[in-house]
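Residues per chain are reported as follows:
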Amino acid sequence: MTTQDMQLILTGGALGVEVRGLDLRNALSAETVHHLRAAFLDHGVLFLRDQQLSEVDQVRFSRYFGDPVPHVREQPDRPIPEIFIISNVEEKGRPIGALGNEEIKFHSDLSYMPRPGSISMLYAVEVPEAGGDTMWANLYTAYETLDEQTKTRIARLRAIHKHPRPQQNPPVPASHPVVCVHPETGRKVLYVSPHLTSHIEGLGAEEGQVLLNRLITHATQPRFVWTHRWRVGDLLMWDNRCTMHRRESFDNTQRRIMKRTQMFGDEPKGDLVTHPTA
Ligand code: SIN
C-alpha cells in the first residue's frame, strides 16, 4: 500500500477528512503515516470507510499515533485489553460495553483526568438504523471567533472538569486552562464542555456559570459542528485536544457496537504570552 493510493477528501463541514484507498489490515509505510498525521492535525477528525478490522489491526493502527492504553473504566475479560467496547447490547443480562443508548452531551474525552485523552478511535461493528450519530465541534474556530474582550477575559482562567459519576473522578479534581494551546499545532483551543466542565475557578458561582454557558453556546453553534452518520466498517479517529463530541441517543431495541482505543496526552497547557496583563 503506497501513499499514491491514498486520497484525502474534506468533509466540507467544520472539520474532518475522509481517507480513501487504505486497507488498515495492512502495515502502513512511514510516508503514509506521516501524511495521515498531517491530515489529522489539520482537520481534527479523520475517518476511513469499509474497513474489516480485527482488534489486533485496530491496536496496530492506533500505535502509529500514540500508545493505546486500557480504558480507565475496566472491562474485565477483554482478550485485547486496549480495546474498550461501547455498546447498548446486553448478553446474559449484562451489558457488553459502556455508554448505553442515551445521548452523551458534548465533551472532550477524559477531560476529568489531570492528563486527559488525546486521540480516540472508534471502529463501528454494528450500528442502529437511525440515531446514534456522533458530532464534533471544532474548538480552534470556537476560540478564534470569540471577540477580543472575551479572549482577554478568559486568557488566564482555569476550569474544573468532573465526570457526572463521582466514583469516576480522581481524588483531586482536574483543573485545566479554559484556553489551551494544542501541543503539536501550537494553536489555541476553547477547552470547556457541557458534559464534563463543572465550573470556572475563581469566579462566583453565578458569574462563572453565565460565562461557561456563553462559551459552550458559542462553541456548539451548528457552523462549528460536523456530524458523522456511522456505517459498519467505519474507523474514525479524533483529536480531543482541539475537538469535543456529542453522541445522539438511539432506540434501545437497536444494536450499536463500537470498539474503541484511547491514547493519553500531557497536562493541557494554557497560553500566558498573548494576554500577559489579563
Ligand atoms: C463517546 O462519547 O466517546 C462515544 C461516542 C460514540 O459512541 O459515538
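Please read all numbers here as calculations on a predicted model, not as lab measurements. (Residues numbered from 1 in each chain as written. Predicted model: local features only at pLDDT ≥ 70, side-chain atom pairs only at ≥ 80, totals over all residues. Heavy atoms only, no water.)

Here's the deal with the pairing of strand β18 (residues 243-247)
Here is step 1 of the chain: The element β18 is extensively covered by neighbouring structure, given that four of its five residues are classed as buried.
Here is step 2 of the chain: Pairing of strand β10 (residues 134-138) with β18 involves five bridges; the strand directions are antiparallel. Of the residues in β18, the one forming a bridge with W136 is H245. (Buried < 20%, exposed > 50% of the residue type's maximum accessible area, 1.4 Å probe, protein only. Helix = DSSP H or I, 4+ residues; strand = E, 2+ residues; numbered from the N terminus. Pairing = 2+ DSSP bridges.)

A look at the site of the ligand
Here is step 1 of the chain: In the neighbourhood of the ligand, the contacting residues comprise I86, L99, I104, H107, D109, L122, T134, H245, R247, R256 and R260.
Here is step 2 of the chain: For the ligand, an oxygen atom lies 2.7 Å from a polar atom in the side chain of R260.
Here is step 3 of the chain: Look at the ligand: alone it shows 260 Å² of surface, and the protein chains cover 99% of it.
Here is step 4 of the chain: Contributing elements (two or more residues each) for the shell around the ligand: β8 (104-107) and β18.
Here is step 5 of the chain: Residues of the shell around the ligand, tallied by class, amount to four nonpolar, three polar and four charged. (Near = heavy atom within 4 Å. Polar contact = N/O pair within 3.5 Å; in protein donor to acceptor, adjacent residues only side chain to side chain. Areas by Shrake-Rupley, 256 points an atom, 1.4 Å probe, with all protein chains shown as cover. Nonpolar A, V, L, I, M, F, W, Y, C, P; charged D, E, K, R; others polar.)

Some thoughts on unusual backbone geometry
Here is step 1 of the chain: In this model, K92 sits at a positive phi of 50°, which is unusual for a non-glycine residue.
Here is step 2 of the chain: Looking at the element boundaries, K92 is found in the loop between β5 (90-91) and β6 (94-95).
Here is step 3 of the chain: Unlike most non-glycine residues, L110 shows phi in positive territory, near 60°.
Here is step 4 of the chain: Along the chain, L110 turns up in the loop between β8 and β9 (117-126).

Describing the nonpolar core
Here is step 1 of the chain: Membership of the largest hydrophobic core comes to 27 residues, with the highest contact counts inside it found for I154, V178, L190, V192 and L215.
Here is step 2 of the chain: Counting residues per element, the ones that place at least two in this core are β10, α3 (139-144), β13 (179-181), β14 (188-190) and α5 (205-219).
Here is step 3 of the chain: Per element, the largest residue contribution to this core is five residues, and it comes from α5.
Here is step 4 of the chain: Those residues in contact with L190 that lie beyond four places of it in its chain are L139, A142, Y143, L146, I154, V178, L215 and A219.
Here is step 5 of the chain: Counting residues in hydrophobic clusters, the runner-up holds 21 residues, among them L48, L53, F61 and M237. (Core = buried A, V, L, I, M, F, W, Y, C linked by side-chain atoms within 4.5 Å. Contact = heavy atoms within 4.5 Å.)

Let's talk about the sheet that holds strand β12 (residues 174-177)
Consider a sheet: its strands pair through backbone hydrogen bonds, and that pairing is either parallel or antiparallel.
Here is step 1 of the chain: Spatial ordering of the open sheet is given by β12-β11-β15, a layout of three strands whose pairing is antiparallel. Unpaired on one side and paired on the other, β12 and β15 (197-200) mark the two borders of the sheet. Sheet twist, expressed as the mean angle between neighbouring strand axes with direction ignored, is 35°.
Here is step 2 of the chain: As defined by bridge partners, strand β11 (residues 158-161) adjoins β15 across three bridges and the pair is classed as antiparallel. Within β15, the residue paired with A159 across the bridge is I200. (Axes fitted to C-alpha atoms, helices over the stretch in contact; angles between N-to-C directions.)

Brief notes about the domain arrangement of the protein chain
Here is step 1 of the chain: Each assigned domain of the protein chain is listed here: domain 1 (3-137 + 227-264) and domain 2 (139-219).
Here is step 2 of the chain: The C-alpha centroid of domain 2 is placed 24 Å from the C-alpha centroid of domain 1.
Here is step 3 of the chain: Each side of the interface is counted separately: domain 1 has 21 residues, and domain 2 has 23 residues.
Here is step 4 of the chain: Summed over both partners, the interface of domain 1 with domain 2 buries about 1,900 Å², with 61% contributed by carbon and sulfur atoms.
Here is step 5 of the chain: For the pair domain 1 and domain 2, the number of links is two salt bridges.
Here is step 6 of the chain: Counting across the domain 1 and domain 2 interface gives ten residue pairs in polar contact (both at pLDDT 80 or more).
Here is step 7 of the chain: Those elements that provide at least two residues to the side of domain 1 that touches domain 2 are α1 (30-43), β8 and β18. (Domains from an automatic or database assignment. Buried area = accessible area lost by both parts, 1.4 Å probe. Salt bridge = Lys/Arg side-chain N within 4 Å of Asp/Glu carboxyl O.)

A look at the pattern of salt bridges
Here is step 1 of the chain: Going through the model one piece at a time under the given rule, you end up with 19 salt bridges.
Here is step 2 of the chain: Salt-bridge contacts for R229 lead to D133; the nearest nitrogen and oxygen are separated by 2.5 Å. Pair noted here: R229 is in the loop between β16 (225-228) and β17 (235-239) and D133 is in the loop between β9 and β10, with a separation of 96 residues, a long-range link.

Some words on the sheet that holds β9
Here is step 1 of the chain: Across the sheet, eight strands lie side by side as β1-β2-β3-β17-β9-β19-β4-β7; this open sheet has mixed pairing. Strands at the two margins of the open sheet, each flanked by one partner only, are β1 (7-10) and β7 (98-99).
Here is step 2 of the chain: Inspection of the sheet shows strand β4 (residues 84-87) paired to β7 by two bridges, in the parallel sense. Following the sheet pairing, S87 is matched in β7 by L99.

A word on the packing of aromatic side chains
In this description, an aromatic ring pair is defined by two values, namely the gap between the centres and the angle between the planes.
Here is step 1 of the chain: Enumeration over the complete set of coordinates arrives at six aromatic pairs.
Here is step 2 of the chain: Their ring planes at 75° and their centres at 6.2 Å tell us that F61 and Y64 sit as a pair that is edge-to-face.
Here is step 3 of the chain: Through a chain of ring-to-ring contacts, three or more aromatic side chains come together here, namely F40, F61, Y64 and F65.
Here is step 4 of the chain: Its end group placed over the ring of Y140, R187 keeps NZ or CZ at 3.9 Å from the ring centre. (Phe/Tyr/Trp six-rings, centres within 6.5 Å; stacked < 30°, edge-to-face > 60°. Lys NZ or Arg CZ within 6 Å of the ring centre and 35° of its normal.)

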